[in-house]
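Here are the chains, one letter per residue:
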Amino acid sequence: MDMLAQQIVNGLSAGMAYALVALGLTLIFGILHVINFAHGEFFMLGGFVAVLAAKWLGLPYLFSLPLAVAVVGAAAWGVDRIAVRSLVQRRDGLSDVLLSTYAFSLLLYHGTLGIWGPAPARVEGFEGSFDLGPVTLTNQRLFILAFGAALIAGLQVMLTRTRFGRQMRAMAQSRFAAQVVGIDVAGIGTRAYVLAAAVAALAGAMLAPVILFSPLMGSNTVIKAFVVVVLGGMGSVAGAVVCGIGLGVLEALMSLYLSEGIASAVIYSLLIAMLLVRPQGLFGKAA
Amino acid sequence: MKQASAMRFLASAAIAIGLAGHAFAQAPVKIGVLMPSKSLVGKQGLQGAQLAAELINADGGILGGRKIELVSYDTNFQPTEGVAAAQRLLNQDGVKVITGEISSTVALAVAQLAKASGALFVAAVPKHPDVTKGGYDRVFRLNSTTAMDGSEFDGFLKNDIKPTKVAVLAENSDFGRLTIANMKQLFGAQLVAAETYEMNQSDFNTLVTKAKGSGADLVCLAGSNMEQYGNILRVQEELKFAARRCLMPGILNSRGVQIAGKAAEGAFSADIYVPTIQNAQNQRFVAAYTAKFKETPEKIELLGFESVWITAQAMQKAGTSEDTVKIAQAIRGNVWNTPRGEVRFDKDGQASSGPLIRLVVKDGKIVPMAR
């Protein structure tokens, strides 16, 4: 029983990471209707900025979060200008963007590998841990859970209550109709792309003290995020959050009874079953 | 005018001949080095090899003053790339002796190629037992094998550590699975948890929670990725899992300790080398390496170093840099002084250097365990 409670808490914190990475991915898909292969590298760059902020600039950990948002946001703006905005209008634009963002993901990965090398790095976050009855939770994981939840709530308010949010949702429904009513679709697209990258960067900077920074952390994480996005429904924010956290908890619970390999097989089977039975995902609307 | 240009011609001809003669007398001895040099371990191994060449050249070279020249290629842990690189060394670069490498699969492929072309291959780090079992007397290996490590370490765990319940956390690889099988045999019902993790896994909370739930008082880690075992040690500390921490022989290094921080304190292991060994060779090796690369060398650097060092000394003893049969006989027939002490080779070409050194992490440093 104690172990069950501990595994649920473990799963919640791992699931929050999946949810935050999947959130940006699904946002871009919902609004721009493109699959952004560079998303995992924005997550990795967020972690990288946290490492450099601590090692090169000697900044305290909390300062690295806004820095990660600024640096990765700027990088995402550049990627959008070069590889997304100009291509998405083309006749085969959606598949072109798939390839151009993939090219950028390789560029960002190898660029980081070139600057930093293959060695992993440790970032000090909030040290220490505390006990809640039989359950142990580290301060950093508590921070991820609390700040992640606040971030999700903030995004939800932004999407439903602000002008920018309404413009994004209009674009998600119909790019053409949004353009007709006078929305600057290219500009909103860029802002949505930068916003998604900023969320990924925050996730990377929050996770780096837990999973360690390594240039590979982006490509390792983004695969799980893709699973979450498909399960939750491509473009669905609620789907990404619920399925991300659900997947984390499911993995942790399965590990009690199944070996790691079998547990992964179960998750990927779920993915195939979902595509066959309910291709729009749990929270997606049928086309 | 005419006379002047004739003079100039003669002068330049004389210089050219002089240079050619000089170059002939001093033609360098080329040694091939294969390493996955874009990876951290590959880079460490290559730097060890480079230092060996540098020290030999500083001592005046071999075979009457000839300098060592390394020709190195990246193998990227891939047998196909390793074989292509070895072929380039043998056919284009005119190299007769190949050294280095980390990966066993690459080494197995290169050993076959060496056999087919009469070359000498001195493998540095690969651990698979079959590397030296190809039935070719010009293949050597410097690292210890998993079986050699196990035969000593098992007794140490069983008789000195005396755990009541044991958990093994192993990477999902040959090495990890072999370790689990071995521990099952060794501890039987005392082995209460045996879990594997994927080579790209980065969150270990659920894994460690399971090991903690098993009630083990000794946790053995079997994984060569330092970021993974370093992180597992941290999570053990965070979840207040107080079991003793053991790393299977050959995997403990200072970068892993750095990642684990204070969670590594008291963790123990065993290995063939530790930089604090007291002998003149080792002091020179450590000082020169630290001066050149700003890091303390460990086992991988040592094995890269030895592969070039022993090969070059054997060429000197055999009196040839070309005749691989004679060089192989010299390697097998002599005892070699290296930074880890005396190294000798058995009939299969497997190196050994006495018992493993038992290691423990103390005040953030890896030091030999007091016996």
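The sections below set out a description of the structure shown in this document. Note that this is a predicted model, so its numbers are computed, not measured. (Residues numbered from 1 in each chain as written. Chains lettered and ligands numbered in written order. Predicted model: local features only at pLDDT ≥ 70, side-chain atom pairs only at ≥ 80, totals over all residues. Heavy atoms only, no water.)

**What about helix α1 (residues 2–32) of chain A?**
Residue and element names in this part refer to chain A. Here is the rule we go by: Secondary structure elements follow DSSP: runs of H or I no shorter than four residues count as helices, runs of E no shorter than two count as strands, and numbering proceeds from the N terminus. Between the first and last residue of a helix there are one fewer steps than residues, each counted as 1.5 Å, and that sum is the expected span. Burial status follows relative accessibility: with a 1.4 Å probe on protein chains alone, a residue under 20% of its type maximum counts as buried, one over 50% as exposed, and anything between as partly exposed.
Given a rise of 1.5 Å per residue, 31 residues ought to cover 45 Å, and the 45 Å separating the end C-alpha atoms of α1 matches this to within 8%. Of all 31 residues in α1, 24 are buried, a share of seventy percent or more. Immediately downstream of α1, the backbone of H33 shows phi near 60 degrees, a positive value.

**Description of the pattern of salt bridges**
Residues and elements named next belong to chain B. Going by this rule: Counted as salt bridges are all cases of a side-chain nitrogen of Lys or Arg within 4 Å of a carboxyl oxygen of Asp or Glu.
Under the counting rule described, the total for this entry stands at 16 salt bridges over all chains. In this structure, the salt-bridge partner of D271 is K299, at a minimum N-O distance of 3.4 Å. Here D271 is found in strand β10 (residues 268–271), whereas its partner K299 is found in helix α11 (residues 299–318), with 28 residues between them in sequence. This pair shows no difference in class: D271 is buried, exactly as K299 is.

**What to know about a nonpolar patch on the surface**
Our working definition: A patch consists of residues exposed above 30% relative accessible area that lack any salt bridge, with like charges linked at up to 9 Å and nonpolar side chains (Val, Leu, Ile, Met, Phe, Trp, Tyr) linked at up to 5 Å. For accessible areas, the Shrake-Rupley method is used with a probe of radius 1.4 Å. Any residue's cover is judged against the shown protein chains and nothing else.
On the surface, W56, L57, L59, L62, F63, I115 and F126 of chain A cluster together into a nonpolar patch covering about 750 Å² of accessible area. Along the chain, the position of I115 of chain A falls in helix α4 (residues 93–116).

**Re the pairing of strand β15 (residues 365–368) of chain B**
Residues and elements named next belong to chain B. Put simply, the rule is: Two strands are said to pair when DSSP picks up at least two bridges between them.
The pairing of strand β14 (residues 357–362) with β15 spans four bridges and is antiparallel. Bridged to V360 within β15 is V367. The loop that links β14 with its antiparallel partner β15 comprises two residues; one of these, D363, has a positive phi angle of about 50 degrees.

**Overview of the packing of aromatic side chains**
The cut-off we apply is this: Only centres within 6.5 Å qualify two rings of Phe, Tyr or Trp (six-membered ring in Trp) as a pair; their planes then separate them into stacked at under 30 degrees, edge-to-face at over 60, and tilted for everything else. Cation placement over rings: the criterion is NZ of Lys or CZ of Arg within 6 Å of the ring centroid and within 35° of the ring normal.
Under the criterion given, the structure shown has 19 aromatic pairs over all chains. Pairing F285 of chain B with Y289 of chain B gives two aromatic rings, centres 6.3 Å apart and planes at 55 degrees, and the pair type is tilted. With a gap of four residues between them, F285 of chain B and Y289 of chain B both fall in helix α10 (residues 280–293), about one helical turn apart. The same class applies to F285 of chain B as to Y289 of chain B, namely buried. An aromatic cluster of three or more residues is present, and its members are Y273, F285, Y289, F293, F305 and W309 of chain B. Here R191 of chain A stacks its cationic end above the ring of F164 of chain A, 4.3 Å away from the centre of that ring.

**Considerations on the sheet that holds strand β3 (residues 97–100) of chain B**
In a beta sheet, neighbouring strands are held together by backbone hydrogen bonds and run either parallel or antiparallel to one another. Residue and element names in this part refer to chain B. Cut-off, in case you're wondering: To obtain each axis, a line is fitted to C-alpha atoms, and for helices this fit is confined to the stretch in contact; angles are then taken between N-to-C directions over 0 to 180 degrees.
In spatial order, the strands read β2-β1-β3-β4-β5; together these five strands make up an open sheet with parallel pairing. The open sheet has two edge strands, β2 (68–74) and β5 (139–141), and neither has a second partner. The mean angle between the axes of side-by-side strands here comes to 20 degrees, regardless of whether they run parallel or antiparallel. The sheet contact formed by strand β1 (residues 29–35) and β2 spans seven bridges and is parallel. Of the residues in β2, the one forming a bridge with V29 is I68.

**Thoughts on the interface of chain B and chain A**
Which entries qualify depends on this criterion: Contact criterion: two residues are considered in contact whenever any of their non-hydrogen atoms come within 4.5 Å of each other. A quick way to say it: buried area is the sum, across both parts, of accessible area lost when two parts are put together, with a 1.4 Å probe. Polar contacts, as counted here, are pairs of nitrogen or oxygen atoms within 3.5 Å of one another; within protein the pair requires one atom able to donate a hydrogen and one able to accept it, and residues that are adjacent in sequence qualify only if both atoms are side-chain atoms.
Facing the 27 residues of chain B at the interface are 27 residues of chain A. Surface buried jointly by chain B and chain A totals about 2,300 Å² across both partners, of which 51% is contributed by carbon and sulfur atoms. When the buried area of chain B at its contact with chain A is split by residue, T206, K210 and R234 of chain B rank highest and sum to 22% of it. If you look at where chain B meets chain A, you find two salt bridges. The residue K240 of chain B makes a salt bridge to D131 of chain A at a minimum N-O spacing of 3.2 Å. In this assembly, chain B and chain A are joined by 10 residue pairs in polar contact (both at pLDDT 80 or more). When residues of the side of chain B that touches chain A are traced back to their parent elements, those giving at least two are α7 (205–213), α8 (226–238) and α9 (254–260) of chain B. Per-element accounting of the side of chain B that touches chain A gives the leading share, six residues, to α7 of chain B.

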